[in-house]
There are 2 protein chains.
Amino acid sequence: MANKKCIIRLLRYKNALHRLHSLGFVKVFSDNLADAVGVTASQVRKDFSLFGICGNKRGGYQIEALLEKLNHILGKNEQQKVVIVGGGNIGAALMKYKGFEKEGVKIAACFDIDPAKYHHKEGDIPVLPLEELKNFSRANHIRIGIIAVPDIAAQQVLDLMLSAGIKGIVNFAPIRLRASSDCFINNVNLVLELETVIYFIVNGLEKSIAEIHEEQKS
Amino acid sequence: MANKKCIIRLLRYKNALHRLHSLGFVKVFSDNLADAVGVTASQVRKDFSLFGICGNKRGGYQIEALLEKLNHILGKNEQQKVVIVGGGNIGAALMKYKGFEKEGVKIAACFDIDPAKYHHKEGDIPVLPLEELKNFSRANHIRIGIIAVPDIAAQQVLDLMLSAGIKGIVNFAPIRLRASSDCFINNVNLVLELETVIYFIVNGLEKSIAEIHEEQKS
DNA sequence: ATAGTTTTGTGAATAATTTCACTATAAAAT
DNA sequence: ATTTTATAGTGAAATTATTCACAAAACTAT
(Lines give C-alpha, C1' and ligand atoms only; values in the text may rest on other atoms or scores of the structure.)
Protein backbone atom coordinates (compact mmCIF):
# COMPACT_ATOMS: atom_id res chain seq x y z
CA MET A 1 0.00 0.00 0.00
CA ALA A 2 2.20 2.82 1.24
CA ASN A 3 5.50 2.24 -0.42
CA LYS A 4 8.64 4.27 -0.19
CA LYS A 5 7.89 6.33 -3.25
CA CYS A 6 4.57 7.34 -1.86
CA ILE A 7 6.10 8.34 1.48
CA ILE A 8 8.69 10.44 -0.27
CA ARG A 9 5.92 12.26 -2.04
CA LEU A 10 4.09 12.85 1.22
CA LEU A 11 7.27 14.28 2.68
CA ARG A 12 7.56 16.58 -0.30
CA TYR A 13 3.98 17.71 0.06
CA LYS A 14 4.72 18.45 3.67
CA ASN A 15 7.75 20.55 2.73
CA ALA A 16 5.84 22.43 0.07
CA LEU A 17 3.02 23.09 2.52
CA HIS A 18 5.51 24.48 5.02
CA ARG A 19 6.67 26.98 2.45
CA LEU A 20 3.15 27.90 1.41
CA HIS A 21 2.13 28.28 5.02
CA SER A 22 5.06 30.53 5.81
CA LEU A 23 4.13 32.62 2.79
CA GLY A 24 0.75 33.22 4.38
CA PHE A 25 -1.39 30.89 2.31
CA VAL A 26 -4.33 29.30 4.07
CA LYS A 27 -5.67 26.83 1.54
CA VAL A 28 -4.23 24.92 -1.35
CA PHE A 29 -5.55 22.89 -4.28
CA SER A 30 -4.26 19.56 -5.43
CA ASP A 31 -2.81 21.10 -8.55
CA ASN A 32 -0.88 23.77 -6.63
CA LEU A 33 0.69 21.08 -4.55
CA ALA A 34 1.30 18.94 -7.60
CA ASP A 35 3.08 21.78 -9.27
CA ALA A 36 5.17 22.56 -6.21
CA VAL A 37 6.36 18.98 -6.01
CA GLY A 38 6.49 18.06 -9.68
CA VAL A 39 3.77 15.42 -9.90
CA THR A 40 0.25 15.37 -11.30
CA ALA A 41 -2.78 16.60 -9.41
CA SER A 42 -4.40 13.19 -9.51
CA GLN A 43 -1.27 11.70 -7.99
CA VAL A 44 -1.65 14.10 -5.08
CA ARG A 45 -5.29 13.22 -4.62
CA LYS A 46 -4.60 9.50 -4.92
CA ASP A 47 -1.87 9.73 -2.31
CA PHE A 48 -4.15 11.60 0.06
CA SER A 49 -7.01 9.23 -0.49
CA LEU A 50 -4.70 6.36 0.37
CA PHE A 51 -4.24 7.88 3.81
CA GLY A 52 -7.82 9.01 4.23
CA ILE A 53 -6.92 12.65 3.92
CA CYS A 54 -9.77 14.65 2.51
CA GLY A 55 -10.28 18.25 1.59
CA ASN A 56 -13.36 20.20 0.50
CA LYS A 57 -14.77 19.83 -2.94
CA ARG A 58 -14.21 23.11 -4.67
CA GLY A 59 -12.52 24.46 -1.54
CA GLY A 60 -9.23 22.58 -1.68
CA TYR A 61 -7.34 21.73 1.49
CA GLN A 62 -6.79 23.83 4.59
CA ILE A 63 -3.02 24.03 4.86
CA GLU A 64 -2.81 23.93 8.64
CA ALA A 65 -5.10 20.96 8.99
CA LEU A 66 -3.35 19.17 6.15
CA LEU A 67 0.08 19.76 7.68
CA GLU A 68 -1.19 18.47 10.96
CA LYS A 69 -2.41 15.27 9.35
CA LEU A 70 0.75 14.75 7.31
CA ASN A 71 2.96 15.38 10.32
CA HIS A 72 1.01 12.80 12.23
CA ILE A 73 1.28 10.21 9.47
CA LEU A 74 4.96 10.90 8.99
CA GLY A 75 5.82 10.67 12.67
CA LYS A 76 6.84 14.30 12.89
CA ASN A 77 4.90 15.26 15.95
CA GLU A 78 7.55 13.93 18.26
CA GLN A 79 11.20 14.85 17.77
CA GLN A 80 13.19 11.90 16.48
CA LYS A 81 16.59 11.18 17.92
CA VAL A 82 19.22 9.71 15.64
CA VAL A 83 22.80 8.54 15.99
CA ILE A 84 25.58 8.60 13.45
CA VAL A 85 28.36 6.04 13.31
CA GLY A 86 31.43 7.41 11.57
CA GLY A 87 32.84 10.85 12.22
CA GLY A 88 34.67 11.16 8.90
CA ASN A 89 33.77 13.41 6.00
CA ILE A 90 30.16 12.47 5.66
CA GLY A 91 29.48 12.03 9.34
CA ALA A 92 31.04 15.40 10.15
CA ALA A 93 29.08 17.12 7.42
CA LEU A 94 25.83 15.62 8.65
CA MET A 95 26.57 16.79 12.18
CA LYS A 96 27.10 20.34 10.98
CA TYR A 97 24.16 20.31 8.61
CA LYS A 98 21.33 22.51 9.85
CA GLY A 99 18.64 20.83 7.77
CA PHE A 100 17.88 18.05 10.22
CA GLU A 101 17.07 20.18 13.21
CA LYS A 102 14.71 22.30 11.12
CA GLU A 103 12.73 19.15 10.42
CA GLY A 104 12.57 17.97 13.98
CA VAL A 105 15.39 15.46 13.73
CA LYS A 106 17.90 15.57 16.54
CA ILE A 107 21.31 14.06 16.05
CA ALA A 108 21.94 12.81 19.55
CA ALA A 109 25.52 11.58 19.16
CA CYS A 110 28.15 10.32 16.81
CA PHE A 111 30.32 7.26 17.37
CA ASP A 112 33.75 6.47 15.99
CA ILE A 113 36.64 4.14 16.66
CA ASP A 114 39.25 6.89 16.33
CA PRO A 115 40.03 8.44 19.73
CA ALA A 116 41.33 11.55 17.95
CA LYS A 117 37.75 12.31 17.01
CA TYR A 118 36.26 11.98 20.49
CA HIS A 119 34.72 15.17 21.62
CA HIS A 120 32.30 16.12 24.34
CA LYS A 121 31.51 19.80 24.69
CA GLU A 122 28.34 21.35 26.01
CA GLY A 123 26.05 22.39 23.16
CA ASP A 124 27.84 20.33 20.57
CA ILE A 125 27.02 16.89 19.28
CA PRO A 126 29.30 14.52 21.22
CA VAL A 127 31.57 12.10 19.40
CA LEU A 128 31.92 9.00 21.51
CA PRO A 129 33.76 5.66 21.35
CA LEU A 130 31.93 3.09 19.29
CA GLU A 131 31.81 0.75 22.28
CA GLU A 132 29.31 3.11 23.87
CA LEU A 133 26.84 2.90 21.00
CA LYS A 134 24.84 0.10 22.52
CA ASN A 135 24.44 1.58 25.97
CA PHE A 136 23.78 5.03 24.64
CA SER A 137 21.14 3.85 22.20
CA ARG A 138 19.41 1.75 24.79
CA ALA A 139 19.47 4.52 27.35
CA ASN A 140 18.18 7.13 24.92
CA HIS A 141 15.68 4.95 23.08
CA ILE A 142 17.39 5.54 19.77
CA ARG A 143 15.65 3.72 16.95
CA ILE A 144 17.37 5.27 13.97
CA GLY A 145 21.01 5.30 12.93
CA ILE A 146 23.13 6.64 10.12
CA ILE A 147 26.04 4.61 8.81
CA ALA A 148 28.81 6.90 7.59
CA VAL A 149 31.82 4.59 7.72
CA PRO A 150 33.93 3.11 4.89
CA ASP A 151 32.27 0.22 3.09
CA ILE A 152 34.60 -2.31 4.63
CA ALA A 153 33.27 -1.51 8.11
CA ALA A 154 29.63 -0.99 7.24
CA GLN A 155 28.33 -4.51 7.76
CA GLN A 156 29.88 -4.71 11.22
CA VAL A 157 28.40 -1.36 12.14
CA LEU A 158 24.99 -2.48 10.95
CA ASP A 159 25.16 -5.61 13.06
CA LEU A 160 26.16 -3.54 16.06
CA MET A 161 23.29 -1.13 15.47
CA LEU A 162 20.79 -3.94 15.20
CA SER A 163 22.06 -5.45 18.41
CA ALA A 164 21.58 -2.04 20.01
CA GLY A 165 17.91 -2.06 19.04
CA ILE A 166 18.24 0.31 16.12
CA LYS A 167 15.82 -0.72 13.40
CA GLY A 168 15.91 2.11 10.90
CA ILE A 169 19.14 2.81 9.07
CA VAL A 170 20.35 5.29 6.51
CA ASN A 171 23.45 3.76 4.96
CA PHE A 172 25.95 5.95 3.16
CA ALA A 173 28.46 3.14 2.60
CA PRO A 174 28.44 1.99 -1.02
CA ILE A 175 27.81 -1.64 -0.26
CA ARG A 176 24.82 -3.93 0.02
CA LEU A 177 24.19 -4.70 3.65
CA ARG A 178 22.72 -7.96 4.81
CA ALA A 179 20.33 -7.85 7.69
CA SER A 180 19.19 -10.86 9.66
CA SER A 181 16.56 -9.27 11.82
CA ASP A 182 13.74 -7.15 10.57
CA CYS A 183 14.77 -3.61 9.91
CA PHE A 184 14.49 -0.88 7.34
CA ILE A 185 17.62 0.10 5.47
CA ASN A 186 17.70 3.11 3.19
CA ASN A 187 20.82 3.12 1.07
CA VAL A 188 22.16 6.46 -0.08
CA ASN A 189 25.06 6.20 -2.46
CA LEU A 190 26.46 9.59 -3.34
CA VAL A 191 28.71 8.36 -6.12
CA LEU A 192 25.81 6.51 -7.71
CA GLU A 193 23.75 9.68 -7.72
CA LEU A 194 26.45 11.38 -9.74
CA GLU A 195 27.04 8.43 -12.01
CA THR A 196 23.36 8.33 -12.86
CA VAL A 197 23.58 11.88 -14.11
CA ILE A 198 26.74 11.06 -16.02
CA TYR A 199 24.93 8.28 -17.85
CA PHE A 200 22.16 10.55 -19.06
CA ILE A 201 24.56 13.27 -20.11
CA VAL A 202 27.03 11.03 -21.87
CA ASN A 203 24.21 9.34 -23.72
CA GLY A 204 22.53 12.61 -24.63
CA LEU A 205 19.21 11.56 -23.20
CA GLU A 206 18.56 14.69 -21.22
CA LYS A 207 15.45 15.44 -23.29
CA SER A 208 13.86 12.09 -22.77
CA ILE A 209 13.70 12.32 -19.01
CA ALA A 210 13.92 15.96 -18.15
CA GLU A 211 13.74 15.74 -14.44
CA ILE A 212 13.57 12.90 -12.01
CA HIS A 213 13.11 13.10 -8.30
CA GLU A 214 15.18 10.40 -6.69
CA GLU A 215 14.06 8.00 -5.45
CA GLN A 216 11.42 8.01 -8.03
CA LYS A 217 14.26 6.36 -7.78
CA SER A 218 15.18 4.72 -5.96
CA MET B 1 13.25 2.26 -22.14
CA ALA B 2 16.28 2.89 -19.98
CA ASN B 3 14.93 4.72 -17.01
CA LYS B 4 16.74 5.91 -13.95
CA LYS B 5 15.97 2.83 -11.92
CA CYS B 6 17.45 0.62 -14.58
CA ILE B 7 20.61 2.72 -14.78
CA ILE B 8 21.03 2.57 -11.04
CA ARG B 9 20.87 -1.19 -11.25
CA LEU B 10 23.47 -1.25 -14.01
CA LEU B 11 25.72 0.90 -11.84
CA ARG B 12 25.25 -1.54 -9.00
CA TYR B 13 26.07 -4.48 -11.23
CA LYS B 14 29.20 -2.65 -12.25
CA ASN B 15 30.20 -2.13 -8.63
CA ALA B 16 29.52 -5.73 -7.74
CA LEU B 17 31.53 -6.89 -10.74
CA HIS B 18 34.44 -4.73 -9.61
CA ARG B 19 34.44 -6.49 -6.29
CA LEU B 20 34.14 -9.92 -7.84
CA HIS B 21 36.90 -9.13 -10.29
CA SER B 22 39.24 -7.92 -7.58
CA LEU B 23 38.51 -11.13 -5.69
CA GLY B 24 39.82 -13.04 -8.68
CA PHE B 25 36.58 -14.26 -10.19
CA VAL B 26 36.52 -14.60 -13.96
CA LYS B 27 32.93 -15.41 -14.73
CA VAL B 28 29.62 -14.75 -13.06
CA PHE B 29 26.03 -15.98 -13.41
CA SER B 30 22.96 -13.82 -13.39
CA ASP B 31 21.95 -15.14 -10.02
CA ASN B 32 25.31 -14.34 -8.42
CA LEU B 33 24.99 -10.80 -9.61
CA ALA B 34 21.36 -10.66 -8.56
CA ASP B 35 22.29 -11.76 -5.10
CA ALA B 36 25.13 -9.26 -4.85
CA VAL B 37 22.83 -6.40 -5.75
CA GLY B 38 19.60 -7.57 -4.18
CA VAL B 39 17.41 -8.14 -7.22
CA THR B 40 16.17 -11.23 -9.05
CA ALA B 41 18.19 -13.10 -11.63
CA SER B 42 15.61 -12.43 -14.30
CA GLN B 43 15.84 -8.74 -13.56
CA VAL B 44 19.56 -8.90 -14.24
CA ARG B 45 19.04 -10.73 -17.51
CA LYS B 46 16.23 -8.41 -18.55
CA ASP B 47 18.40 -5.39 -17.86
CA PHE B 48 21.24 -6.85 -19.86
CA SER B 49 19.01 -7.81 -22.73
CA LEU B 50 17.71 -4.24 -22.83
CA PHE B 51 21.25 -3.12 -23.61
CA GLY B 52 22.10 -6.00 -25.88
CA ILE B 53 24.51 -7.49 -23.40
CA CYS B 54 24.72 -11.22 -23.77
CA GLY B 55 26.55 -13.96 -22.01
CA ASN B 56 27.01 -17.63 -22.75
CA LYS B 57 24.25 -20.10 -22.21
CA ARG B 58 25.38 -22.30 -19.38
CA GLY B 59 28.64 -20.32 -19.13
CA GLY B 60 27.40 -17.12 -17.56
CA TYR B 61 29.17 -13.85 -18.24
CA GLN B 62 32.88 -13.11 -18.51
CA ILE B 63 33.46 -10.49 -15.85
CA GLU B 64 36.05 -8.49 -17.73
CA ALA B 65 34.06 -8.30 -20.94
CA LEU B 66 30.92 -7.47 -19.01
CA LEU B 67 32.63 -4.71 -17.08
CA GLU B 68 33.95 -3.32 -20.32
CA LYS B 69 30.47 -3.20 -21.81
CA LEU B 70 28.89 -1.70 -18.73
CA ASN B 71 31.59 0.92 -18.44
CA HIS B 72 31.00 1.86 -22.03
CA ILE B 73 27.25 2.15 -21.57
CA LEU B 74 27.65 4.10 -18.37
CA GLY B 75 30.14 6.54 -19.80
CA LYS B 76 32.90 5.40 -17.51
CA ASN B 77 35.62 4.95 -20.09
CA GLU B 78 36.51 8.61 -20.01
CA GLN B 79 37.07 10.41 -16.74
CA GLN B 80 34.22 12.78 -16.01
CA LYS B 81 34.96 16.23 -14.69
CA VAL B 82 32.49 17.79 -12.32
CA VAL B 83 32.16 21.09 -10.50
CA ILE B 84 30.58 21.82 -7.16
CA VAL B 85 28.88 25.07 -6.31
CA GLY B 86 28.81 25.72 -2.59
CA GLY B 87 31.77 25.13 -0.32
CA GLY B 88 29.75 24.70 2.88
CA ASN B 89 29.21 21.51 4.83
CA ILE B 90 28.08 19.33 2.01
CA GLY B 91 30.35 20.80 -0.63
CA ALA B 92 33.37 20.47 1.63
CA ALA B 93 32.52 16.87 2.50
CA LEU B 94 32.12 15.98 -1.17
CA MET B 95 35.51 17.51 -1.95
CA LYS B 96 37.18 15.42 0.71
CA TYR B 97 35.27 12.25 -0.13
CA LYS B 98 37.49 9.67 -1.79
CA GLY B 99 34.69 7.72 -3.39
CA PHE B 100 34.43 9.84 -6.52
CA GLU B 101 37.99 9.52 -7.66
CA LYS B 102 37.81 5.75 -7.26
CA GLU B 103 34.98 5.73 -9.75
CA GLY B 104 36.67 7.92 -12.33
CA VAL B 105 34.91 11.11 -11.35
CA LYS B 106 37.16 14.13 -10.99
CA ILE B 107 35.97 17.11 -9.01
CA ALA B 108 37.63 19.86 -10.99
CA ALA B 109 36.73 22.84 -8.83
CA CYS B 110 34.35 24.27 -6.29
CA PHE B 111 32.74 27.71 -6.49
CA ASP B 112 31.44 29.90 -3.71
CA ILE B 113 30.46 33.50 -3.07
CA ASP B 114 32.33 33.70 0.21
CA PRO B 115 35.89 35.00 -0.29
CA ALA B 116 36.88 33.41 3.01
CA LYS B 117 36.51 30.04 1.33
CA TYR B 118 38.67 30.81 -1.69
CA HIS B 119 41.59 28.51 -1.88
CA HIS B 120 44.03 27.58 -4.57
CA LYS B 121 46.80 25.20 -3.63
CA GLU B 122 48.62 22.76 -5.86
CA GLY B 123 47.19 19.27 -5.49
CA ASP B 124 44.00 20.43 -3.80
CA ILE B 125 40.61 21.11 -5.35
CA PRO B 126 40.49 24.88 -5.84
CA VAL B 127 37.66 26.93 -4.41
CA LEU B 128 36.99 29.84 -6.74
CA PRO B 129 34.67 32.84 -6.90
CA LEU B 130 31.28 31.98 -8.31
CA GLU B 131 31.77 34.56 -11.07
CA GLU B 132 34.38 32.28 -12.58
CA LEU B 133 32.03 29.31 -12.91
CA LYS B 134 31.01 30.13 -16.44
CA ASN B 135 34.47 30.66 -17.85
CA PHE B 136 35.89 27.70 -16.00
CA SER B 137 33.15 25.36 -17.13
CA ARG B 138 33.40 26.48 -20.72
CA ALA B 139 37.19 26.22 -20.74
CA ASN B 140 37.21 22.78 -19.17
CA HIS B 141 34.18 21.35 -20.98
CA ILE B 142 32.37 20.69 -17.74
CA ARG B 143 28.98 19.13 -18.31
CA ILE B 144 28.06 18.09 -14.81
CA GLY B 145 27.58 20.14 -11.67
CA ILE B 146 26.69 19.60 -8.06
CA ILE B 147 24.54 22.12 -6.24
CA ALA B 148 25.45 22.27 -2.57
CA VAL B 149 24.14 25.69 -1.58
CA PRO B 150 21.23 26.64 0.71
CA ASP B 151 17.81 26.18 -0.85
CA ILE B 152 17.30 29.91 -1.20
CA ALA B 153 20.23 30.17 -3.62
CA ALA B 154 19.74 26.92 -5.49
CA GLN B 155 17.55 28.15 -8.34
CA GLN B 156 19.97 30.96 -9.16
CA VAL B 157 22.87 28.55 -9.13
CA LEU B 158 21.01 26.20 -11.43
CA ASP B 159 20.33 29.00 -13.90
CA LEU B 160 23.98 29.97 -13.80
CA MET B 161 25.06 26.39 -14.40
CA LEU B 162 22.71 26.02 -17.34
CA SER B 163 24.03 29.23 -18.84
CA ALA B 164 27.52 27.81 -18.43
CA GLY B 165 26.58 24.79 -20.53
CA ILE B 166 26.18 22.38 -17.65
CA LYS B 167 23.35 19.97 -18.41
CA GLY B 168 23.59 17.34 -15.71
CA ILE B 169 22.99 18.36 -12.13
CA VAL B 170 22.99 16.69 -8.76
CA ASN B 171 21.03 18.96 -6.46
CA PHE B 172 21.45 18.70 -2.71
CA ALA B 173 19.28 21.71 -1.95
CA PRO B 174 15.90 20.63 -0.57
CA ILE B 175 13.86 22.50 -3.13
CA ARG B 176 12.24 21.78 -6.46
CA LEU B 177 14.26 23.44 -9.19
CA ARG B 178 12.69 24.72 -12.37
CA ALA B 179 14.64 24.31 -15.54
CA SER B 180 13.84 26.03 -18.78
CA SER B 181 16.32 24.34 -21.05
CA ASP B 182 16.71 20.63 -21.40
CA CYS B 183 18.79 19.15 -18.66
CA PHE B 184 18.86 16.28 -16.23
CA ILE B 185 18.44 17.08 -12.56
CA ASN B 186 18.94 14.46 -9.90
CA ASN B 187 17.65 15.66 -6.56
CA VAL B 188 19.27 14.25 -3.44
CA ASN B 189 17.59 15.32 -0.25
CA LEU B 190 19.45 14.06 2.79
CA VAL B 191 16.77 15.01 5.28
CA LEU B 192 14.15 13.24 3.20
CA GLU B 193 16.21 10.07 3.22
CA LEU B 194 16.16 10.12 6.99
CA GLU B 195 12.52 11.08 7.25
CA THR B 196 11.60 8.15 5.03
CA VAL B 197 13.22 5.80 7.51
CA ILE B 198 11.50 7.58 10.38
CA TYR B 199 8.13 6.96 8.77
CA PHE B 200 8.66 3.23 8.49
CA ILE B 201 10.00 2.95 12.02
CA VAL B 202 7.35 5.09 13.66
CA ASN B 203 4.64 3.17 11.86
CA GLY B 204 6.16 -0.19 12.68
CA LEU B 205 6.25 -1.32 9.08
CA GLU B 206 9.80 -2.52 9.02
CA LYS B 207 8.62 -6.05 8.26
CA SER B 208 6.56 -5.09 5.29
CA ILE B 209 9.40 -3.61 3.32
CA ALA B 210 12.57 -4.99 4.77
CA GLU B 211 15.05 -3.32 2.54
CA ILE B 212 14.77 -0.83 -0.23
CA HIS B 213 17.51 0.40 -2.45
CA GLU B 214 16.94 4.04 -3.07
CA GLU B 215 15.42 4.30 -6.32
CA GLN B 216 13.61 1.63 -5.64
CA LYS B 217 14.06 5.62 -3.56
CA SER B 218 13.62 7.20 -5.72
C1' DA C 1 28.32 -39.22 -30.37
C1' DT C 2 24.56 -38.95 -27.11
C1' DA C 3 22.15 -37.81 -23.03
C1' DG C 4 21.74 -34.96 -19.24
C1' DT C 5 22.28 -30.59 -16.99
C1' DT C 6 22.70 -25.80 -16.39
C1' DT C 7 22.00 -21.16 -17.59
C1' DT C 8 20.84 -17.61 -20.88
C1' DG C 9 17.44 -14.81 -23.50
C1' DT C 10 12.89 -13.48 -24.05
C1' DG C 11 7.79 -13.40 -24.93
C1' DA C 12 3.94 -13.73 -22.03
C1' DA C 13 1.86 -13.08 -17.63
C1' DT C 14 1.52 -10.63 -13.58
C1' DA C 15 1.96 -6.93 -10.52
C1' DA C 16 2.55 -2.23 -9.38
C1' DT C 17 1.95 2.53 -10.34
C1' DT C 18 0.08 6.39 -12.57
C1' DT C 19 -3.24 8.77 -15.17
C1' DC C 20 -7.85 9.31 -16.94
C1' DA C 21 -12.38 10.57 -16.72
C1' DC C 22 -16.38 11.18 -14.54
C1' DT C 23 -19.48 11.88 -10.30
C1' DA C 24 -20.50 14.33 -6.31
C1' DT C 25 -20.28 18.39 -3.87
C1' DA C 26 -19.28 22.88 -2.11
C1' DA C 27 -18.62 27.60 -3.20
C1' DA C 28 -19.71 31.57 -6.07
C1' DA C 29 -22.55 34.03 -9.05
C1' DT C 30 -26.94 35.39 -10.67
C1' DA D 1 -33.23 30.07 -4.59
C1' DT D 2 -31.14 28.49 -8.70
C1' DT D 3 -27.57 27.96 -11.80
C1' DT D 4 -22.92 27.83 -12.80
C1' DT D 5 -18.32 26.53 -11.93
C1' DA D 6 -14.35 24.53 -9.91
C1' DT D 7 -12.36 20.89 -7.47
C1' DA D 8 -12.13 16.64 -4.59
C1' DG D 9 -12.55 11.67 -4.60
C1' DT D 10 -12.23 7.41 -6.96
C1' DG D 11 -13.13 3.33 -9.86
C1' DA D 12 -11.47 2.06 -14.43
C1' DA D 13 -7.98 2.25 -17.92
C1' DA D 14 -3.45 2.72 -19.28
C1' DT D 15 1.13 2.44 -18.56
C1' DT D 16 5.30 0.76 -16.63
C1' DA D 17 8.04 -2.56 -14.23
C1' DT D 18 8.90 -7.13 -12.67
C1' DT D 19 8.63 -11.97 -12.63
C1' DC D 20 7.57 -16.34 -14.74
C1' DA D 21 8.46 -20.03 -17.49
C1' DC D 22 10.25 -22.25 -21.13
C1' DA D 23 12.90 -22.97 -25.58
C1' DA D 24 17.59 -22.72 -27.22
C1' DA D 25 22.29 -23.18 -26.48
C1' DA D 26 26.50 -24.85 -24.45
C1' DC D 27 29.05 -27.41 -21.31
C1' DT D 28 29.86 -32.17 -18.87
C1' DA D 29 29.80 -36.82 -18.38
C1' DT D 30 29.17 -41.16 -20.20
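Remember, predicted model here, so these are calculated numbers, not experimental data.

### Details of the packing of helix α1 (residues 4–22) of chain B against helix α4 (residues 63–73) of chain B
Residues and elements named next belong to chain B. Put simply, α1 and α4 touch, their axes get as near as 10 Å, and they point 145 degrees apart. Considering how the two elements wind past one another, α1 and α4 form a crossing that is left-handed. In this structure, α1 uses Leu 10, Tyr 13, Lys 14, Leu 17, His 18, Leu 20 and His 21 to contact α4, whose residues at the interface are Ile 63, Glu 64, Leu 66, Leu 67, Leu 70, Asn 71 and Ile 73.

### Some remarks on the interface of chain B and chain A
Counting residues at the interface gives 79 residues for chain B and 79 residues for chain A. Together chain B and chain A conceal approximately 7300 Å² of surface at their shared face, both sides included; 63% is due to carbon and sulfur atoms. In terms of surface lost to chain A, no three residues of chain B exceed Arg176(B), Phe184(B) and Leu194(B), which account for 9% of the buried area on that side. As a salt-bridge pair, Asp35(A) and Arg178(B) come within 3.5 Å of each other at their nearest N and O atoms. Across the chain B-chain A interface, the total number found is 14 residue pairs in polar contact (both at pLDDT 80 or more). Among the elements that line the side of chain B that touches chain A, the one with the most residues is helix α9 (residues 190–202) of chain B, at 13 residues. Partitioned by chemical class, the residues of the side of chain B that touches chain A number 41 nonpolar, 16 polar and 22 charged.

### Quick look at the side chain of Ser137(B)
All names here are of chain B. Structurally, Ser 137 is set in helix α7 (residues 133–140). In this structure Ser 137 comes out as buried when scored by relative accessible area, which is 1%. Leaving out residues up to four positions away in the same chain, Ser 137 has contacts with Ile 142, Ala 164 and Ile 166.

### A few points about the pairing of strand β8 (residues 184–187) of chain A
Residue and element names in this part refer to chain A. Both faces of β8 are covered, namely the face carrying Phe 184 and Asn 186 and the face carrying Ile 185 and Asn 187. When strand β7 (residues 168–171) meets β8, the two strands line up parallel, connected through four bridges. Opposite Val 170, over in β8, you have Asn 186 as the bridge partner.

### Some details on the packing of aromatic side chains
Residues and elements named next belong to chain B. Summed over all chains, the structure comprises 12 aromatic pairs over all chains. On the basis of an interplanar angle of 85 degrees and a centroid distance of 5.5 Å, the ring pair of Tyr 97 and Phe 100 is categorised as edge-to-face. As far as burial versus exposure is concerned, Tyr 97 and Phe 100 are alike and both buried.

Cut-offs used in this document
- Residues numbered from 1 in each chain as written.
- Chains lettered and ligands numbered in written order.
- Predicted model: local features only at pLDDT ≥ 70, side-chain atom pairs only at ≥ 80, totals over all residues.
- Heavy atoms only, no water.
- Axes fitted to C-alpha atoms, helices over the stretch in contact; angles between N-to-C directions.
- Helix = DSSP H or I, 4+ residues; strand = E, 2+ residues; numbered from the N terminus.
- Left-handed = near helix turned anticlockwise from the far one by under 90°.
- Contact = heavy atoms within 4.5 Å.
- Buried area = accessible area lost by both parts, 1.4 Å probe.
- Salt bridge = Lys/Arg side-chain N within 4 Å of Asp/Glu carboxyl O.
- Polar contact = N/O pair within 3.5 Å; in protein donor to acceptor, adjacent residues only side chain to side chain.
- Nonpolar A, V, L, I, M, F, W, Y, C, P; charged D, E, K, R; others polar.
- Buried < 20%, exposed > 50% of the residue type's maximum accessible area, 1.4 Å probe, protein only.
- Pairing = 2+ DSSP bridges.
- Phe/Tyr/Trp six-rings, centres within 6.5 Å; stacked < 30°, edge-to-face > 60°.

From the geometry alone we can't say anything about function, so treat these as descriptive.
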